[in-house]
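Residues per chain are reported as follows:
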Amino acid sequence: MVIDPVARSTDGESVRIAKDVLCARAGAKICLPQDPEEFARALARRGHRRPVVIGDDRALLRVVGLLHKERELAGVTVSMVPVGAPAAVALSRALGVPSDTVAAARAVLDGAERPMDLLTDDSDGIVLGGLRIPGGEAGVRAGNGRYVPPAATPADAWDGRPGGAAAGGHRPWWEPAARTARSALSLLSSPACGIGGRRGRVPAQRLRIEADGIMLADLDRPVRGVSVMPGGQGGASGPARTGPDGDVFERRVAHAGGLAEVVVHWPGSDRPVRAQARAVTVSGADFHYRADAVVGGPVRTRTWTVQPAAWRLTLPRP
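Everything quoted here is computed from the prediction, not taken from an experiment.

### Some points on the overall build of the chain
Helices and strands together make up the secondary structure of the chain, namely 7 helices and 15 strands. Considering only contacts in the chain between residues 6 or more positions apart, those separated by 24 or more positions represent 68%. Accessible area of the chain: about 14700 Å², with a carbon and sulfur share of 53%.

### Thoughts on the packing of aromatic side chains
With the rule as written, the count across this model stands at 1 aromatic pair. Summarising the aromatic geometry, the rings of Y289 and W304 are spaced 5.2 Å apart at their centres and angled 80° between planes, so their arrangement reads as edge-to-face. Of the two residues, Y289 is situated in strand β14 (residues 279-291) and W304 in strand β15 (residues 294-315); the sequence distance between them amounts to 15 residues. Relative accessible area serves as the criterion here: at 7%, Y289 is assigned to the buried category. Using a relative accessible area of 1% as the deciding quantity, one classes W304 as buried.

### What to know about helix α3 (residues 36-44)
One full turn of an α-helix is made of 3.6 residues, so residues set three or four places apart face in the same direction. Among the residues making up α3, those that are buried are P36, F39, A42 and L43. Down the axis of α3, the smallest arc covering the buried residues is 125°, so these residues share one side. In the core, the buried residues of α3 are packed alongside β1 (2-3) and α4 (57-69). For α3, the N-terminal cap is D35; the gap from its side-chain oxygen to the backbone nitrogen of E37 is 3.1 Å.

### A word on α4
For α4, with 13 residues, the first-to-last C-alpha span of 18 Å sits near the 18 Å given by 1.5 Å per residue. Of all 13 residues that make up α4, 12 are buried, and the element is covered over most of its length. By the burial criterion, the buried members of α4 are D57, R58, A59, L60, L61, R62, V63, V64, G65, L66, L67 and H68. The N-cap residue of α4 is D56: its side-chain oxygen and the backbone nitrogen of R58 are 3.1 Å apart. A positive backbone phi angle near 60° is found at R71, which sits one or two residues after α4.

### So, the side chain of R46
With respect to the helices, strands and loops of the structure, R46 is situated in the loop between α3 and β2 (52-55). Taking relative accessible area as the criterion, R46 reaches 14% and is therefore assigned buried. Not counting chain neighbours up to four residues away, the residues in contact with R46 comprise P51, L67, E72 and V76.

### Details of the side chain of T101
Within the secondary structure layout, T101 lies in helix α6 (residues 101-110). Setting aside anything within four residues of it in sequence, one finds T101 in contact with S14, I17, A18, V81 and P82.

### Notes on the pairing of strand β6 (residues 131-134)
Pairing analysis gives 4 bridges linking β6 to strand β9 (residues 225-229), with the strands arranged antiparallel. Among the inter-strand pairings, I133 is bridged to a residue of β9, identified as V226.

### Things to note about the nonpolar core
Counting residues in each nonpolar core, the largest one holds 42 residues, and the members touching the most others are L22, I54, L60, V64, V81, L128 and W311. Top contributing element to this core by residue count: α4, with 7 residues. Those residues within four positions of I54 in sequence are excluded, and the remaining contacts are M1, V2, I3, D4, A7, V15, A18, K19, L22, V81 and V83. I133, V282, F287 and V306 belong to the second largest nonpolar core, which has 26 residues in total.

What counts, and at which threshold
- For every chain, the first residue of its written sequence is number 1, and the numbers climb from 1 along that sequence.
- Residues qualify for local features only when their pLDDT is at least 70, as the model is predicted, and side-chain atom pairs are given and counted only at 80 or more; totals for whole chains, interfaces and linings, by contrast, use all residues.
- Side-chain descriptors were evaluated using all non-hydrogen atoms of the structure, hydrogens and water having been removed beforehand.
- For the purposes of this entry, the term helix denotes a DSSP run of H or I that reaches at least four residues, the term strand denotes a run of E that reaches at least two, and both are numbered from the N terminus.
- What makes two residues a contact is simply this: any of their non-hydrogen atoms within 4.5 Å.
- In short, Shrake-Rupley with a 1.4 Å probe defines the accessible areas, and a residue's cover is counted only from the protein chains shown.
- Each Phe, Tyr or Trp ring, with Trp reduced to its six-membered ring, pairs with another whose centre is within 6.5 Å; inter-plane angles below 30 degrees give stacked pairs, above 60 give edge-to-face pairs, and intermediate values give tilted ones.
- Exposed residues in this analysis have more than 50% of their type's maximum accessible area, buried residues have under 20%, and partly exposed residues fall in between, with area computed by a 1.4 Å probe over protein chains only.
- Starting at the helix axis, one direction is taken to each C-beta atom, and the arc is that of these directions.
- Throughout this description, a polar contact denotes any pair of N or O atoms lying within 3.5 Å of each other; where both atoms belong to protein, one of them has to be capable of donating a hydrogen while the other can accept it, and for residues adjacent in sequence the pair is counted only when both atoms sit in side chains.
- The span you would expect from a helix comes to 1.5 Å times its residue count less one.
- Only when DSSP finds a minimum of two bridges between them are two strands counted as paired.
- Nonpolar core, defined: a set of buried Ala, Val, Leu, Ile, Met, Phe, Trp, Tyr and Cys residues in which side-chain atoms within 4.5 Å join the residues together.

Below is the structure:
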């Protein structure tokens, strides 16, 4: 059981409840990492134990990312008890993990493994829920019940999230980098200001978007935004939920054959272009992208490829 330090500092009561429920019915080795190295060591020393993460989406991404880098992801079932603000656990909810602490802990004990698709990129990064490329205006809203990452925070899971200074008044070692990252995000996510302080629209981007080699958009026509969502295994979509910024979060698991759904949004009222593909390549001038809870870039080209049933997550039984 790996407990995220941010979860301990922001909602210690939920962490205590999760520990009590889990430890009452199963033997558990509790790990309280304080930095990324300790987190990685705790995961590496799990032996044959099933990893259970208590924390927010970033903690889940860190666990899955480390297992992916060690090439152990396919053989390990991941379990999670979400602890954090609603926006910080939107991904886990979209994947089907209960938002209630007790229900999530019971799902860890009594739930079933479900294979899940993910996206990998050409820098060995991973995407569990979905990615989008901000291309101007207010950002791309989710449509047709699909998960689209909300406004993400850049940098790594060990940044300056709520909790402030460490005990004793010492500033966390990650705080300066986090402040820089948050400043960069504000430039990405805020509309441009016009003369006199009036807020204007960010110009659309010119990007070449290819889905399995088929051109969906080229540099001669700007796009407002792009979203890519991996599919899943079996079943129908779960209930939709509305996030704090109005986005609809829902994990769609009806895609056939490990395909991702690609949606290209145009400026104005033109209908978006939709396609399904195993690989998606985006290229153009330097662009940033939001992958789950992390902002990446700038890059000039990036390819995302669907990895069918690449990882397993414990979810409540039907």
